[in-house]
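# Overview (structure and organization)
Single-letter residue listing:
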Amino acid sequence: MSMLQALMAALCISLAGNAALGWAWVGALERAATSVLQRDDARAAASACSDATEDLRDLADKRGAEVKNAQAVARADAGGRQQAAHTILSTPPAVPGDACASAQVRVDGWLKGRAQP
């Protein structure tokens, strides 16, 4: 019986060892599956971020082109206004010695010029 008891003890130890290995394998499998899911989620998030960054770059390029056009229009407009300001400043006063009367004459002339088609 002693041999049978030793064999039973060895069998129980082997069964316990196999159960522990099985439990460890199941745990490792779950961790691996979780790692794969986390990796896939990280890849999806990185891809979405990359796509959004590319969209922002395209939008920035588009707005940059719009700004350059607006700046060109503003420069052209400023040149015309600079010329008008130069003309105004170089024109002698309409009523010498009376700045208000001179301004009134200038405004009246400007309004008449605007009223014409």
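Here goes a summary of the coordinates provided. What you are looking at is a predicted structure, and each value in this text was computed from that prediction instead of being measured. (Residues numbered from 1 in each chain as written. Predicted model: local features only at pLDDT ≥ 70, side-chain atom pairs only at ≥ 80, totals over all residues. Heavy atoms only, no water.)

Further remarks concern the overall build of the protein chain. Of the regular secondary structure elements, the protein chain holds 2 helices and 0 strands. A globule of 117 residues ought to have a C-alpha radius of gyration of about 13 Å, yet the protein chain, at 44 Å, is considerably larger. If you line up the protein chain on its principal axes, its C-alpha atoms span 140 × 25 × 25 Å. Burial analysis of the protein chain (117 residues in total) assigns 2% to the buried set. As presented, the protein chain carries roughly 10100 Å² of accessible surface, and 66% of it is formed by carbon and sulfur atoms. One finds the centroid of the 12 positive side-chain charges in the protein chain at a distance of 8 Å from the centroid of its 12 negative side-chain charges. (Helix = DSSP H or I, 4+ residues; strand = E, 2+ residues; numbered from the N terminus. Rg over C-alpha atoms; globule rule 2.2 N^0.38 Å. Buried < 20%, exposed > 50% of the residue type's maximum accessible area, 1.4 Å probe, protein only. Areas by Shrake-Rupley, 256 points an atom, 1.4 Å probe, with all protein chains shown as cover. Lys, Arg positive; Asp, Glu negative; His and termini not counted. Charge placed at Lys NZ, Arg CZ, Asp CG, Glu CD.)

Here the focus is the pattern of salt bridges. In this structure the tally under the stated criterion is 3 salt bridges. The partner of D61 in a salt bridge is R57, and the shortest N-O contact between them spans 2.9 Å. With D61 and R57 both in helix α1 (residues 2-90) and 4 residues apart, the pair spans about one turn of that helix. The class for D61 is partly exposed, based on a relative accessible area of 43%. In this structure, the salt-bridge partner of D77 is R81, at a minimum N-O distance of 3.1 Å. Placement of both D77 and R81 in helix α1 is noted, with a separation of 4 residues, approximately one turn of the helix. The class of R81 is exposed, set by a relative accessible area of 58%. (Salt bridge = Lys/Arg side-chain N within 4 Å of Asp/Glu carboxyl O.)

The grouping of L4, L7, M8 and L11 at the surface amounts to a nonpolar patch, some 420 Å² of accessible area in total. With respect to the helices and strands, the residue L4 is situated in helix α1. Residue class for L4 comes out partly exposed when judged on its relative accessible area of 48%. (Patch = residues over 30% accessible without salt bridge, like charges linked within 9 Å, V, L, I, M, F, W, Y side chains within 5 Å.)

Below, the discussion takes up the environment of V73. Tracing the chain through its elements places V73 in helix α1. Under the relative-accessibility criterion, V73 is labelled exposed at 58%. Residues V73 and L15, 58 residues apart in the sequence, show an inter-C-alpha distance of 86 Å.

Let's shift gears to a negative patch on the surface. The grouping of D51, E54, D55 and D58 at the surface amounts to a negative patch. Tracing the sequence through the fold places D51 in helix α1. Taking the relative accessible area as the measure of exposure, D51 reaches 43% and is therefore partly exposed.

Structurally, S102 can be placed in helix α2 (residues 99-115). Among the residues examined, S102 registers a relative accessible area of 8% and is labelled buried. Once residues lying within four places of it in the same chain are set aside, the contact partners of S102 are P93, A94 and V95. (Contact = heavy atoms within 4.5 Å.)

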